Amino acid sequence: AADMVWAPYLERYAVQLPLLFPNKKSCNPRSNRYDEVNAWYVAMEGLPEYACCVQGDARHWRTCLERAIPMHNERATSDEEKVNGLPPVPNQFGWWMKRNPRGEVLW
């Protein structure tokens, strides 16, 4: 149950931090630098209850970040604190979705 409480925060970090800091592996919680955290993501995505009913998607988290950047930039006290933009959105359809191979277990 505790994992379900923290899941949205960790999901958001896994999508948004690499977008904000694309050249810093230390800011990507899914990198091999954080084996335990990445193992948690893998374990949670393997649970049909999580993947089918709770898990968010990268498109949603990116949209939230796009909306937050202008507010952040208004409050930034220097140009160094401002976020200049995000990497382009991938062209292929469904880039934001991950299919859970065990998803049918629930149904």
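Reference entry: report on the structure contained in this document. (Residues numbered from 1 in each chain as written. Predicted model: local features only at pLDDT ≥ 70, side-chain atom pairs only at ≥ 80, totals over all residues. Heavy atoms only, no water.)

Some points on helix α4 (residues 58-75)
Note on helix geometry: an α-helix contains 3.6 residues per turn, so any two residues three or four positions apart are oriented the same way.
Move 1: In this model α4 runs 26 Å from its N-terminal to its C-terminal C-alpha over 18 residues, within 8% of the 26 Å that 1.5 Å per residue would give.
Move 2: Of all the bends in α4, the greatest, near 30 degrees, is centred on Ala68, and the proline Pro70 appears no more than four residues after it.
Move 3: Residues of α4 that are buried: Ala58, Trp61, Arg62, Leu65, Ile69 and Asn73. (Helix = DSSP H or I, 4+ residues; strand = E, 2+ residues; numbered from the N terminus. Expected span 1.5 Å × (residues − 1). Bend = angle between axes of the 7 residues up to and from the residue. Buried < 20%, exposed > 50% of the residue type's maximum accessible area, 1.4 Å probe, protein only.)

Considerations on the pattern of salt bridges
Move 1: Applying the stated rule across the entire model yields three salt bridges.
Move 2: When the shortest N-O distance is used, the salt bridge between Arg62 and Glu66 registers 2.9 Å. Separated by four residues within a single helix, Arg62 and Glu66 lie in helix α4, roughly one turn from each other.
Move 3: On the basis of relative accessible area, Arg62 is assigned to the buried category, the value being 8%.
Move 4: Glu66 sits in the partly exposed class, given a relative accessible area of 36%.
Move 5: Across the salt bridge formed by Lys82 and Asp79, the nearest N and O atoms sit 3.9 Å from each other.
Move 6: On the accessibility criterion, Asp79 (63% relative accessible area) is exposed. (Salt bridge = Lys/Arg side-chain N within 4 Å of Asp/Glu carboxyl O.)

Description of helix α2 (residues 35-45)
Move 1: Looking at α2, one finds that the buried residues are Trp40, Tyr41, Met44 and Glu45. Across the axial projection of α2, the buried residues extend over an arc of 125 degrees, all falling on one side. Exposed side of α2, more than 90 degrees from the buried face: Asp35, Glu36 and Val42 are the residues found there. (Arc of directions from axis to C-beta.)

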